[in-house]
Amino acid sequence: MAEFKYQFKAVNDLEKVSGSNIMNIIDGFPSDYSEQTVLIYGKLKTLFGEPLYEEKDLENQYTYCVATTTEDGREIFLNAYCGPSGPAIGGQHDEESRKAAHQLSELIQQAAPTDYDYVGYYLDGPCRIQQGIRNGVPYYEEEGLDDLSQEEMDKIFREVMGQE
């Protein structure tokens with residue numbers, strides 16, 4: 001098990017989330033990409049509790065703001081999130097933030113996942129996604145939405161965009 005230089009804590013302040021993608025948490029696209037995505041969210045819940053927000057839009061699923069302090073007392077803010085390219089860590093693009101992001105990724109990978117259920121939508125598909133962890137076992141199910149009426153699709157779109 002790796003020895004961690006940084007101690008991370010969740011910060012409940014969306015304004016502290018700044019910067020852009022430093023790294024994806026899943027390297028490449030392994031055959032179990034969906035399962036890894038599900039597990040990472042469960043591991044983040046174990047480490048930091050509930051996210052700052054969770055959306056029904058799979059391309060903006062959740063965000064955590066995570067803080068750590070450098071040896072010289074400077075605060076670093078990272079955001080662990082799931083966006084269009086999957087689970088990632090964002091922040092400033094300085095050397096200390098990159099080091100902290102890599103260590104946060106290692107911490108996430110080592111954590112045990114918490115059970116959860118999530119329902120969201122990938123509108124480019126379009127499809128409905130049900131995912132989560134039950135008794136430590138990840139699940140991921142997609143349901144196509146091609147057979148829905150325009151009225152039903154409009155309702156889903158408004159729900160995903162927070163207009164309902």
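Shown above is the structure to which this text applies.
Quantities reported herein were computed from a predicted structural model and do not represent experimental measurements.

**Q** Break down the overall build of the protein chain for me, with residues and values.
**A** Helix and strand counts for the protein chain come out as three helices and nine strands. Referenced to the eigenvectors of the C-alpha coordinate spread, the extents of the protein chain come out at roughly 60 × 30 × 25 Å. For the protein chain, the proportion of its 164 residues judged to be buried stands at 41%. Long-range pairs, those at least 24 residues apart, make up 56% of the contacts in the protein chain between residues at least 6 apart in sequence. Charge separation in the protein chain, taken as the distance between the mean sites of 13 positive and 31 negative side-chain charges, equals 6 Å.

**Q** Before we move on, could you go through the layout of surface pockets and cite the residues and values that matter?
**A** By volume, the largest pocket amounts to about 260 Å³. Here the lining of the largest pocket is composed, by residue class, of nine nonpolar, seven polar and two charged.

**Q** Tell me about the sheet that holds strand S8 (residues 127-134), and name the residues and values.
**A** Taken in spatial order, the three strands line up as S7-S8-S9 in an open sheet, and their pairing is antiparallel. Lying at the two open borders of the sheet, with one neighbouring strand each, are strand S7 (116-122) and strand S9 (137-144). Taking the axes of each pair of neighbouring strands and ignoring which way they run, one obtains an average angle of 15° across the sheet. For S8 and S9, the ladder comprises eight bridges, and the chain directions are antiparallel. When the bridges of S9 are listed, Cys127 appears paired with Gly144. Against the sheet, helix H1 (residues 33-48) makes contact with S7, S8 and S9, and its axis sits at roughly 125° relative to S9, the strand it touches most.

**Q** Talk me through the nonpolar core; I want residue IDs and the actual numbers.
**A** The biggest cluster of nonpolar side chains holds 31 residues, and the ones touching the most others in it are Phe8, Leu44, Tyr64, Leu78, Ile89 and Leu104. Listed by contribution, the elements that provide at least two residues to this core are strand S2 (20-24), H1, strand S4 (62-69), strand S5 (75-83), helix H2 (95-110), S7 and S8. No other element matches the seven residues that H1 contributes to this core. If sequence neighbours within four positions are ignored, Tyr64 has contacts with Tyr41, Leu44, Lys45, Phe48, Gly49, Glu50, Pro51, Leu52, Leu78, Asn79 and Ala80. Ranked by size, the runner-up nonpolar core spans five residues in total, among them Tyr121, Leu145, Ile156 and Val160.

**Q** Which residues make up the pattern of salt bridges, and what are the values?
**A** Enumeration over the complete set of coordinates arrives at six salt bridges. A salt bridge links Asp117 to Arg134; the shortest N-O distance between them is 3.4 Å. Taken together, the residues span a long stretch of sequence, with Asp117 in strand S7 and Arg134 in strand S8 at a distance of 17 residues. Taking the shortest distance from any N to any O, the salt bridge between Glu143 and Arg128 comes out at 3.7 Å. With Glu143 in strand S9 and Arg128 in strand S8, this pair connects stretches of sequence that are 15 residues apart. Among the residues examined, Glu143 registers a relative accessible area of 41% and is labelled partly exposed.

**Q** Outline unusual backbone geometry, supporting the account with residue identities and numerical values.
**A** If you check the backbone angles, Asn135 has positive phi at about 50° while not being a glycine. Topologically, Asn135 is positioned in the loop between S8 and S9. Asn135 sits in the exposed class, given a relative accessible area of 74%.

**Q** How would you summarise the environment of Thr69 if you had to cite specific residues and measurements?
**A** One can find Thr69 in strand S4. Accessibility expressed as a relative area gives 44% for Thr69, which makes it partly exposed. In this structure Thr69 touches Tyr6, Arg74 and Glu75, once residues within four positions along its chain are discounted.

Conventions we followed
- Residues numbered from 1 in each chain as written.
- Predicted model: local features only at pLDDT ≥ 70, side-chain atom pairs only at ≥ 80, totals over all residues.
- Heavy atoms only, no water.
- Helix = DSSP H or I, 4+ residues; strand = E, 2+ residues; numbered from the N terminus.
- Buried < 20%, exposed > 50% of the residue type's maximum accessible area, 1.4 Å probe, protein only.
- Contact = heavy atoms within 4.5 Å.
- Lys, Arg positive; Asp, Glu negative; His and termini not counted.
- Charge placed at Lys NZ, Arg CZ, Asp CG, Glu CD.
- 1 Å grid on protein atoms, 1.4 Å probe; cavity = no way out; pocket = protein on both sides within 12 Å on 5 of 7 lines; lining within 4 Å.
- Points joined across faces, edges and corners; volume = space filled by probe spheres on them.
- Nonpolar A, V, L, I, M, F, W, Y, C, P; charged D, E, K, R; others polar.
- Pairing = 2+ DSSP bridges.
- Axes fitted to C-alpha atoms, helices over the stretch in contact; angles between N-to-C directions.
- Core = buried A, V, L, I, M, F, W, Y, C linked by side-chain atoms within 4.5 Å.
- Salt bridge = Lys/Arg side-chain N within 4 Å of Asp/Glu carboxyl O.

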